[in-house]
Amino acid sequence: MRYYGDVYRPPSEAYSLIIQVTYGCSHNTCAFCSMYKAKKFALRPLDEILEDFQMARKAYGFIKKIFLADGDALIRPAKDLYIILDLIRDLFPECERVTCYASPSSIKIKTPEELKILREKGLYMAYMGLESGSDIVLNKMRKGHNAAEIIEMGRKIREAGIKLSVTAITGLGGSDLLESHAIETAKALNNINPEYIGLLTLMVEPGTLLYNWVESGEFILLNQSQILRETRMYIPYESREQLFIFKRDFQSG
């Protein structure tokens, strides 16, 4: 297989076959993200993609999971993705799931029928970044969508039968917007109701706008106590009680 630049994947795809079907990220302006700054977004030539899958079939005896990279594989035309998924089904009958990153923009340009066909052809799950449910935070971080749009697209892809994993970032509102970021993000996650939620902790990467804001004092990072406080706000009271009981029983056992 051939790879261009740094390749990123979700933690749960650690043992997946990774094939790039796009290069970089179709949005690539988020103030907190440095992942694809060294790449210009492009659709990888389809013939190269199909060749890489043929190479993988010759190299590996058993492939359980496949992840379509880079940052927004769903942005490819549906007809291209149909061809890719059909080839995967023919070459890797043992494959249990195919996943990819998706953005609100790439979901929006797909019709409900196209998304349903993608599911029928084997697209099992998509990973989408919410990051925050606060429109103030989303606007500041150059996300390109407000919370209502992200919620709508999350629901749209789930209605097609494609499972959804959504990420939010603790600390993305800084100290000034800690509470509103946490409360609005929790509301948005409830409205999307995804199968999986990834709650990440903000990391500040050199070369990003956020890094410059932190250096200048415009953005105040959370301390450890504030991070724990914000994280606790995401968890309903009843769930906190269950976690306490589990911890107590675990320690006593």
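I will try to describe carefully the structure that is included in this document. (Residues numbered from 1 in each chain as written. Predicted model: local features only at pLDDT ≥ 70, side-chain atom pairs only at ≥ 80, totals over all residues. Heavy atoms only, no water.)

1. Focus: the nonpolar core
For soluble globular proteins, the rule of thumb is that nonpolar side chains tend to be buried together.
Then comes step 1: Counting 44 residues, the largest nonpolar core has Phe53, Ile66, Leu68, Leu74, Ile88 and Phe92 as the members making the most contacts within it.
Then comes step 2: In terms of residue count, the dominant contributor to this core is helix H2 (residues 78-91) (eight residues).
Then comes step 3: Apart from residues lying up to four places away in sequence, Phe53 is in contact with Leu17, Ile19, Ile66, Leu68, Ile84, Leu87, Ile88, Leu91 and Phe92.
Then comes step 4: Formed by twelve residues, the second largest nonpolar core is a distinct cluster that contains Ala31, Met141, Leu202 and Leu210. (Core = buried A, V, L, I, M, F, W, Y, C linked by side-chain atoms within 4.5 Å. Buried < 20%, exposed > 50% of the residue type's maximum accessible area, 1.4 Å probe, protein only. Helix = DSSP H or I, 4+ residues; strand = E, 2+ residues; numbered from the N terminus. Contact = heavy atoms within 4.5 Å.)

2. Quick word on the sheet that holds strand E8 (residues 196-201)
Within a sheet, neighbouring strands are paired by backbone hydrogen bonds and run either parallel or antiparallel to one another.
Then comes step 1: The six strands lie next to each other as E1-E4-E5-E6-E7-E8, forming an open sheet whose pairing is parallel. The sheet is open, and its two borders are formed by strand E1 (17-20) and E8, each paired with just one other strand. Looking at each pair of strands side by side, their axes are set apart by 25 degrees on average, direction ignored.
Then comes step 2: By the bridge criterion, six bridges tie strand E6 (residues 123-131) to strand E7 (residues 163-170) in an arrangement that is parallel. Its bridge partner being in E7, Tyr127 is matched across the sheet by Ser165.
Then comes step 3: On top of the sheet, helix H1 (residues 46-59) reaches E1 and strand E4 (65-69); it is set at about 160 degrees to E1, its chief contact. (Pairing = 2+ DSSP bridges. Axes fitted to C-alpha atoms, helices over the stretch in contact; angles between N-to-C directions.)

3. Observations regarding the pairing of E4
Then comes step 1: Across the five residues of E4, five count as buried, placing the element largely inside the fold.
Then comes step 2: The alternating pattern of E4 places Lys65, Phe67 and Ala69 and Ile66 and Leu68 on opposite faces, both of which are buried.
Then comes step 3: Note that E1 and E4 share four bridges and pair parallel. The residue of E4 that forms the bridge with Leu17 is Ile66.
Then comes step 4: In terms of handedness, the path from E4 via H2 over to strand E5 (residues 97-101) forms a crossover that is right-handed. (Right-handed = clockwise from strand over helix to strand, strands pointing away.)

4. Thoughts on the packing of aromatic side chains
Then comes step 1: A full pass over the atoms with the stated rule returns six aromatic pairs.
Then comes step 2: Consider the rings of Tyr4 and Tyr23, whose centres lie 5.0 Å apart with planes at 70 degrees: the pair is edge-to-face. Of the two residues, Tyr4 is situated in the segment before E1 and Tyr23 in strand E2 (residues 22-23); the sequence distance between them amounts to 19 residues.
Then comes step 3: Using a relative accessible area of 41% as the deciding quantity, one classes Tyr4 as partly exposed.
Then comes step 4: When the centroid spacing of 5.3 Å and the interplanar angle of 90 degrees are considered together, the rings of Phe67 and Tyr101 count as edge-to-face. You can see Phe67 sitting in strand E4 and its partner Tyr101 sitting in strand E5, a full 34 residues away along the chain. Per residue, the accessibility class of Phe67 equals that of Tyr101, and both read buried.
Then comes step 5: By the ring-pair criterion, three or more aromatic residues cluster together here, those being Phe67, Tyr101 and Tyr127. (Phe/Tyr/Trp six-rings, centres within 6.5 Å; stacked < 30°, edge-to-face > 60°.)

Structural measurements only, silent on function.
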